[in-house]
Amino acid sequence: MLFFKELLEEKFKDKSFLSLYNKECHICTATMKVVARMVQNEDDRDEILALLGIDPVDFQALEAGDCCRPLQVVRLLNHFGMDESEVAGRCPRYSKEMDSGFAR
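Being a predicted model, the structure only gives us computed values, none of them experimental.

Draft legend 1. Region of interest: the overall build of the protein chain. For the protein chain, the helix and strand inventory stands at eight helices and zero strands. Among the 104 residues that make up the protein chain, the fraction classed as buried is 30%. Counted over contacts in the protein chain with a minimum sequence separation of 6, partners at least 24 positions apart contribute 56%. Of the roughly 7200 Å² of accessible surface on the protein chain, a fraction of 55% belongs to carbon and sulfur atoms.

Structure below.
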């Protein structure tokens, strides 16, 4: 049986797969950290989301790993005084979201 790491290493040998993989969105450590921080602040969750203008349904999708809205992640990171550079600098969807006017 192959483990995920072994499968990924095998796939990364294929340059076309690697190129596609790098263009896709993956849950980054910044997103995982900010979701963990929100879990720690469970009692204030609704207040924080309202303050930042983030729909609770959107946050639930982020928390479940179903849909990430990079600009919302950045807002949460800024709220908690956390580093946003991983999202703003490396997220393949960040600039697309900025350019789309979908920055709510």
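Don't stop here, the text continues.
Draft legend 2. Representation of helix α3 (residues 29-40). Along its twelve residues, α3 runs 16 Å from first to last C-alpha, staying within 8% of the 16 Å computed at 1.5 Å per residue. Three or more residues of α3 are buried, namely Ala30, Thr31, Val34, Val35 and Met38. Projected down its long axis, α3 shows its buried positions confined to an angular sector of 130°, all on one face. Exposed positions of α3 whose direction lies more than 90 degrees from the buried face are Lys33 and Gln40.

Draft legend 3. Structural detail: the packing of α3 against helix α6 (residues 70-79). Relative orientation of the contacting elements α3 and α6 amounts to 55°, with a least axis distance of 10 Å. Taken together, the axes of α3 and α6 are oblique relative to one another. As α3 packs across α6, the resulting crossing turns out to be left-handed. Mapping the contact onto sequence places Ala30, Thr31, Val34 and Met38 in α3 and Val73, Leu76 and Leu77 in α6. Of the residues in the contact of α3 with α6, the class split is six nonpolar, one polar and no charged.

Draft legend 4. Structural context of empty space enclosed by the protein. If you walk through the whole model with that rule in mind, you get one cavity of 30 Å³ or more. If you add up the space inside the largest cavity, you get close to 30 Å³. Taken together, Ile54, Asp58, Phe59, Leu62, Cys67, Cys68, Arg69 and Gln72 form the lining of the largest cavity. For the lining of the largest cavity, the element with the highest residue contribution is helix α5 (residues 56-64), accounting for three residues. Classifying every residue of the lining of the largest cavity gives five nonpolar, one polar and two charged.

Draft legend 5. Highlighting the confidence of the model for the protein chain. Mean pLDDT over the protein chain works out to 84, with 88% of the residues at or above the 70 mark. Of all helices and strands in the protein chain, the one with the weakest mean pLDDT is helix α2 (residues 15-23) (73), whereas helix α4 (residues 45-52) scores best (96).

Draft legend 6. Highlighting the nonpolar core. Phe59, Leu76 and Val87 are the most contacted members of the largest nonpolar core, which has 22 residues in total. Contributions of two or more residues to this core are made by α3, α4, α5 and α6. Per element, the largest residue contribution to this core is five residues, and it comes from α6. Setting aside anything within four residues of it in sequence, one finds Val87 in contact with Cys28, Ala30, Pro70, Val73, Val74, Leu77 and Tyr94.

How each quantity is defined
- Residues numbered from 1 in each chain as written.
- Predicted model: local features only at pLDDT ≥ 70, side-chain atom pairs only at ≥ 80, totals over all residues.
- Heavy atoms only, no water.
- Helix = DSSP H or I, 4+ residues; strand = E, 2+ residues; numbered from the N terminus.
- Buried < 20%, exposed > 50% of the residue type's maximum accessible area, 1.4 Å probe, protein only.
- Contact = heavy atoms within 4.5 Å.
- Areas by Shrake-Rupley, 256 points an atom, 1.4 Å probe, with all protein chains shown as cover.
- Expected span 1.5 Å × (residues − 1).
- Arc of directions from axis to C-beta.
- Axes fitted to C-alpha atoms, helices over the stretch in contact; angles between N-to-C directions.
- Parallel < 35°, antiparallel > 145°, perpendicular 65-115°, else oblique.
- Left-handed = near helix turned anticlockwise from the far one by under 90°.
- Nonpolar A, V, L, I, M, F, W, Y, C, P; charged D, E, K, R; others polar.
- 1 Å grid on protein atoms, 1.4 Å probe; cavity = no way out; pocket = protein on both sides within 12 Å on 5 of 7 lines; lining within 4 Å.
- Points joined across faces, edges and corners; volume = space filled by probe spheres on them.
- pLDDT = per-residue confidence, 0-100.
- Core = buried A, V, L, I, M, F, W, Y, C linked by side-chain atoms within 4.5 Å.

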